[in-house]
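So the chains spell out like this:
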Amino acid sequence: MDRQTVIQVSSLSKYYGANSAVEQVTLQVKEGELFGIIGTNGAGKSTLLELLTGLRQPDEGCVKVLNMDAELEAESLKEHIGIHLQNTSLVDKMTVREALDLFQSFYHKKNDLDAILDRLGLRPYEHKMVKRLSGGWQQRFALAITLVNDPKIIFLDEPTTGLDQQTRSEYWEILLELKSQGKTIVIATHDMGEAQRNCDRVAVMRKGKLVSCDSPQGLIARIPSGGLTMEAVYVHFALEQKNEPAFTLPHLAEWVSFAKFTDLRNSLSVISDR
Ligand SMILES: Nc1ncnc2c1ncn2[C@@H]1O[C@H](COP(=O)(O)OP(=O)(O)OP(=O)(O)O)[C@@H](O)[C@H]1O
């Protein structure tokens with residue numbers, strides 16, 4: 001039997017002046033999926049996540065999450081989702097435990113905080129100030145915050161950016177465990193290798209538009225020149241412009257920016273394969 005659709009996005013647009021941050025995006029996410037969103041800096045990933053979670057209002061179209069309208073029923077929706085956006089530093093001066101207690105007080109439904117601390121390995125840091133945690137532990141702490149209300153869907157905005165390979169792999173392992181517990185996870189990421197290994201489907205954004213959406217293998221199979229990796233998918237779908245050479249100067253700048261987040265050696269081998 002088909003899995004239930006838990007997120008339905010229909011013709012969604014968000015404009016900032018003349019700039020369309022998200023333009024006519026339509027997609028669905030199924031219950032229990034680990035759903036990736038990729039694209040260059042400024043492609044619209046964060047704005048899309050903000051619209052999905054009801055934190056921003058769309059200019060056109062609509063978002064239904066768990067059969068609730070993300071714009072009109074944001075308060076009710078909040079109870080059922082966990083969100084980790086970029087640059088959330090409100091709780092820097094609290095300890096891990098204090099911050100978890102505070103965030104949990106915002107919800108009716110309450111998860112077992114001790115179990116969260118233990119599972120995410122945060123127990124030794126329970127009484128440490130959040131700002132004193134290393135980058136990897138801060139991201140785990142932020143993931144812990146998303147779990148305080150035992151959400152059905154977790155939204156994550158580039159949580160592994162800047163982390164070393166080992167820390168990233170461990171983070172994705174936790175996501176796989178949450179998925180195995182039935183959680184639906186939507187994650188914006190620049191982490192192509194992990195997206196390829198772990199995501200059920202990936203949406204590729206480019207200049208606010210959804211340019212492709214499929215399983216990693218499905219996306220890879222769509223590359224006419226025959227790439228083998230999500231890095232190649234990124235180059236083909238996220239950077240490609242019709243009627244222009246593949247690597248104009250602006251593209252090169254985007255590529256360099258992307259390469260910051262991925263294995264440069266792999267990236268260069270993708271270029272040399274072209
Ligand atoms: N509050 C805002 N006001 C004006 N423009 C905005 C605002 N938020 C985003 N934008 C613009 O919307 C576009 C999409 O930005 P967004 O942050 O969603 O992209 P992104 O794919 O998440 O990028 P990154 O990978 O750098 O986080 C960009 O052109 C950005 O400058």
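The name an unreviewed UniProt entry gives the protein chain is ABC transporter ATP-binding protein, with Paenibacillus protaetiae as the organism. Under Sequence similarities (unreviewed entry), UniProt gives the following word-for-word description of the protein chain: "Belongs to the ABC transporter superfamily."

Examining the overall build of the protein chain
Of regular secondary structure, the protein chain possesses 11 helices and 10 strands. Taken across its 274 residues, the protein chain has 41% of its residues classed as buried. Put simply, of all contacts in the protein chain between residues at least 6 apart along the chain, 67% involve residues at least 24 apart.

Focus on the site of the ligand
Taken together, Y16, N19, A21, G39, N41, G42, A43, G44, K45, S46 and T47 form the complete shell of residues around the ligand. Every element with two or more residues in the shell around the ligand is listed here: β2 (19-30) and α1 (45-52). With three residues, α1 is the single largest residue contributor to the shell around the ligand. In terms of residue class, the shell around the ligand is made up of three nonpolar, seven polar and one charged.

Considerations on helix α3 (residues 96-104)
What α3 keeps buried is the set V96, A99, L100 and F103. Taken around the axis of α3, the buried residues stretch over an arc of 100°, which confines them to a single face. Looking at the buried positions of α3, the neighbouring elements they touch are α4 (113-119) and α5 (135-146).

Things to note about the nonpolar core
Ranked by size, the top nonpolar core spans 53 residues in total, and within it L52, V65, F155, I185, V186 and V204 carry the most contacts. The biggest single contributor to this core is helix α9 (residues 230-238), with seven residues. Non-local contacts of V65, meaning those with residues more than four positions away in its chain, are made with V6, I7, L52, A70, L77, I81 and I153. Residues V96, A99, Y125 and F141 belong to the second largest nonpolar core, which totals 16 residues.

Observations regarding the pairing of strand β10 (residues 209-214)
Direction of pairing for strand β9 (residues 201-206) relative to β10: antiparallel, over a ladder of five bridges. Within the sheet, the bridge partner assigned to M205 lies in β10 and is L210. Remark: two residues form the turn of the hairpin made by β9 and β10, two consecutive strands paired antiparallel; K207 in that turn has positive phi of roughly 50°.

A short note on the pairing of strand β4 (residues 60-65)
As paired strands, strand β1 (residues 5-16) and β4 are joined by five bridges and run antiparallel to one another. The residue of β4 that forms the bridge with S10 is C62. Here β4 pairs with strand β5 (residues 68-69) via two bridges, running antiparallel. When the sheet's bridge partners are listed, V65 is paired in β5 with M68. Counting the residues between successive antiparallel strands, the hairpin from β4 to β5 contains two residues, one of them, L66, with a positive phi of roughly 50°.

Remarks on the sheet that holds β4
Strand order across the open sheet formed by four strands is β2-β1-β4-β5, with antiparallel pairing between neighbours. Strand pairing shows two members of the sheet lacking a second neighbour, β2 and β5, which therefore form its edges. Contacts from α1 reach β1, β2 and β4 within the one sheet, and its direction differs from that of β2 by about 60°.

Looking at the environment of I81
Note that I81 resides in strand β6 (residues 81-84). I81 sits in the buried class, given 24 other C-beta atoms within 10 Å.

Let's talk about α1
An α-helical turn contains 3.6 residues, so a residue and the one three or four places further along point in the same direction. Where burial is concerned, most of α1 is hidden: eight out of the eight residues are buried. Taken as a whole, α1 has its buried residues at K45, S46, T47, L48, L49, E50, L51 and L52. Two residues or fewer after α1 comes G54, characterised by a positive phi angle close to 75°.

About the thresholds
- Residues numbered from 1 in each chain as written.
- Predicted model: local features only at pLDDT ≥ 70, side-chain atom pairs only at ≥ 80, totals over all residues.
- UniProt positions renumbered as here; feature names shortened; annotations may be inferred.
- Helix = DSSP H or I, 4+ residues; strand = E, 2+ residues; numbered from the N terminus.
- Buried ≥ 20, exposed ≤ 12 C-beta atoms within 10 Å, placed from the backbone.
- Contact = placed C-beta atoms within 7 Å.
- Near = placed C-beta within 6 Å.
- Nonpolar A, V, L, I, M, F, W, Y, C, P; charged D, E, K, R; others polar.
- Arc of directions from axis to C-beta.
- Core = buried A, V, L, I, M, F, W, Y, C linked by C-beta atoms within 7 Å.
- Pairing = 2+ DSSP bridges.
- Axes fitted to C-alpha atoms, helices over the stretch in contact; angles between N-to-C directions.

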